[in-house]
Amino acid sequence: MPTNGTPVVNAWTQWGRLETVVVGRADPKSCHLPHEPACHAEINDPLIADAIDWPGGSVKSAKSVELASAQLANFCAVLEAETVQVKSQKAFDSELKREVQKMRTEVIQNPDTKEKDSRVLQKGRISTLRPTEMDWSQSVSGPGWSSTSQYCATCPRDTMITIGNTILEATMSKRSRYFESLACREISLKLWRQDPEHVKFWACPKPSFADSMYHKDFWELSDKQRYERMRSYKFCVNETEPIFDAADITRCGKDIFVQKSMTTNDSGIKWLTSHFPELRVHPVHFPYDLYPSHIDCTFVPLRPPSADAGDGGLVLINSERPPLKSEAELWRKNGWKLLNAPLPAQTDRPPFSQSSYWLSMNLLSLGPKTMVIEENEIPLYNVLVEHGFDPITVPMRHMYDYGGGIHCSTWDIKREDSCVDCFPNQEYAPKHLYEQNFSDIDVVDVTSSNDGFLINPLTDIDGICGVGTLASKASRDCPDSPFSKKMRTA
Ligand code: DAV
C-alpha cells in the first residue's frame, strides 16, 4: 500500500479526480482490421470505396500513424500539465474542407501570460503511461481459426478496465484482438507487483474464438432485417461462451452498467455479475443501435447526484440510441437526469473509421467538473458549460481511424474514488442471471430530456433527412418505427 493509503489501482467511477491513466499508442505496425466473423469493416468515403477494397490486415500508412501519434502525444501533454489554457479559434480543417469553430486547449508554462480571450484552468497533474510497442502485422491463430494480422494498441479502453482495485482484462470477441491486452501487460504486472495485497489482476477465461462462437449470418442481414429483429438483441456473437469488451462497461461506484452488444453477450454480463458479487451489475440495452459496440458513445455518466453543482446527477445520452424506459427508471428515481448529447459538430467520418459520428461524446472525465472533449465539438462544449462543467479540448480526429476517440484511447487506473452508492433507492435482484429472451424495446422519450430542450439529430441537414448512423438509416427505411415517428413530430 502506498503512503497515502490508496492502492495504486483504484477507480470505482467515471468521474473521480483522475491521477493515473494509460493513453494508447499508434504503433508503426498498426493494421486495418481484417474481416472475420466478428467484424466486416467498410470504407466510409464512397469515392475511396469505389477505388479500393477494404485493406483489411494491411499496415496503416506511415502518414496516418504519424498524425494519430502526434494527437495522442499532445493529449498526454495536456493531461500531464498542471495548467492549461482554453482558447477559442476559427480554423480551417483540411479533412472537413470547411471552417469550424474550435476550442483548443494548450499547455502553458506560466498562467500569468493569458491572452484576452483565454481561460486558464488549474487542473492538477495526471500521470500518463503508454502501452508497450508491438508488431501488429503478425498473424495469429488458434485451433480451427486464424487471422491474417492483429490490430493496434490505440484503444486500451476496449481491452482493459479498472473495477475498484481490480485490473481486469476483457475476453474480446475479434480474433485480430486476441493478444491486444499484451500491450498493457507490463503495466498491469508492475502495478500488481507493487501492491499484491490490495490490487487484484484478473481475466475472464479466454473464449475459444472458434466458428461456433459467432452468429455467422449476422453480416448478411440488411439494416431493415436488423431493425425487424432488434427486439431479440441478437448480434454477431452467440451465447456459447462468456464474451465482453471492457468498453461496454461504465462504472458508478457500487453499480456498474454493461451494454449487451456485438462485443458483449449475456454470458459475459453473467460472468461479471458472479465475479464481482460486491457490486450490483446491471445489463443495459439500446434497441435503436442496431450495431452496438461499446457504451461510451451512447451512455456516459458525468457526475453523481450528490455533486456540488446546479442540477445534480447527469448522464449524457445519445438521442439516436435512447435508453429503455425500464432501465432508465433506476437513474431517475435516484436523482439522475438524462442529458441529450447535441448533434456532433462533424457528421462526416474519416474514411477508415469504423465508429459512428457519436465519437463526439466519447469524453474522458478528469474529475466531477472537468472533462476532455474533441476540439471541434463546440455544441457539446456549450451544453457542458451550461451545466456547470469546465471542459478542456484536444484534437483527436486522426484517432478516429484507429477505432475510437478520447475515452477509447485511455484506460484510467487511479482516481480519487471509493465504492460510492449512487443508487441507494433500489431493490437489486440480478434476475438477468436466470432470465432468457429479453425483448423490451420501449425507450424513453428523448424529446422530454433536458427539460424539453432537444437538438434533434433527425432534422434535415443538407437535404438529408436523418444524418447517417445505421440506426437512423433503419428508422428511415422503416417509417413505422416508433423512434422515427417520435423524432419527426418533435
Ligand atoms: O458509436 O460507433 C464506437 C466506440 C468505439 N470504441 C460507436 C461506438
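Look up: the structure comes first, before these words.
The structure displayed is predicted, hence computed values, not measured ones.

(A) Structural detail: the overall build of the protein chain. Check the secondary structure of the protein chain and you find 10 helices and 20 strands. A buried classification covers 49% of the 490 residues belonging to the protein chain. Contacts spanning at least 24 positions in sequence make up 75% of the contacts within the protein chain whose residues lie at least 6 apart.

(B) Representation of the site of the ligand in the model. In the neighbourhood of the ligand, the contacting residues comprise Cys155, Asp158, Ala247, Ser293, His294, Cys297, Ser355, Ser356, Trp358, Gly403, Gly404 and Cys408. Residue classes in the shell around the ligand are distributed as 5 nonpolar, 6 polar and 1 charged.

(C) Inspection of the sheet that holds strand S17 (residues 364-365) at higher detail. Judged by pairing direction, the sheet is mixed, and its 3 strands sit side by side in the order S17-S18-S19 without closing on themselves. Looking at which strands have only one partner, the edges of the open sheet turn out to be S17 and strand S19 (392-394). As judged from the 3 bridges shared by strand S18 (residues 371-374) and S19, these two strands associate in the parallel manner. For Glu374, the partnering residue across the bridge sits in S19 and is Val394.

(D) Representation of the nonpolar core. Formed by 107 residues in total, the largest nonpolar core has its most connected members in Val315, Leu316 and Val372. In terms of residues, this core owes the most to one element, helix H2 (residues 62-80), which gives 5 residues. Excluding anything up to four places from it in sequence, Val372 contacts Leu363, Leu364, Leu366, Ile392, Val394 and Ile406.

(E) Region of the structure containing the pairing of strand S12 (residues 255-259). Burial analysis of S12 places 5 of its 5 residues in the buried class, the great majority of the element. Side chains of S12 alternate between two faces, with Asp255, Phe257 and Gln259 and Ile256 and Val258 buried alike. As paired elements, strand S11 (residues 249-252) and S12 share 4 bridges and run antiparallel to each other. In the strand pairing of S12, Arg251 is matched with Ile256. Connecting S11 to the antiparallel partner S12 that follows it, the hairpin turn spans 2 residues, and Gly253 within it adopts a positive phi of roughly 75°. Sheet topology places S12 next to strand S13 (residues 280-284); 5 bridges connect them, and they run parallel. Note on S13: the bridge partner recorded for Val258 is Pro283. Taking the sense of rotation as the criterion, the β-α-β connection linking S12, helix H6 (residues 266-275) and S13 turns out right-handed.

Rules of the game
- Counting restarts for each chain, with residues numbered from 1 along the sequence as it is written.
- For a predicted model such as this one, the threshold for reporting local features is a pLDDT of at least 70, and the threshold for listing and counting side-chain atom pairs is 80 or more; totals across whole chains, interfaces and linings nevertheless cover every residue.
- Here a helix means four or more residues in a row that DSSP labels H or I, a strand means two or more in a row labelled E, and each is numbered from the N terminus.
- Exposure classification rests on a simple neighbour count of other C-beta atoms within 10 Å of a residue's own: a residue reaching 20 or more is buried, one at 12 or fewer is exposed, and one in between is partly exposed. C-beta atoms are placed from the backbone.
- A pair of residues counts as a contact when their C-beta atoms, built from backbone coordinates, are within 7 Å of each other.
- By convention here, the C-beta atom is placed from the backbone, and a residue is near a molecule or strand when that atom is within 6 Å of it.
- Gly is placed with the polar residues, together with every amino acid not listed as nonpolar (Ala, Val, Leu, Ile, Met, Phe, Trp, Tyr, Cys and Pro) or charged (Asp, Glu, Lys and Arg).
- Being paired, for any two strands, means DSSP has found at least two bridges between them.
- Defined on buried residues, the nonpolar core groups Ala, Val, Leu, Ile, Met, Phe, Trp, Tyr and Cys residues joined through C-beta atoms within 7 Å.
- We call a crossover right-handed when, viewed with both strands directed away from the observer, the connection leading from the first strand over the helix to the second proceeds clockwise.

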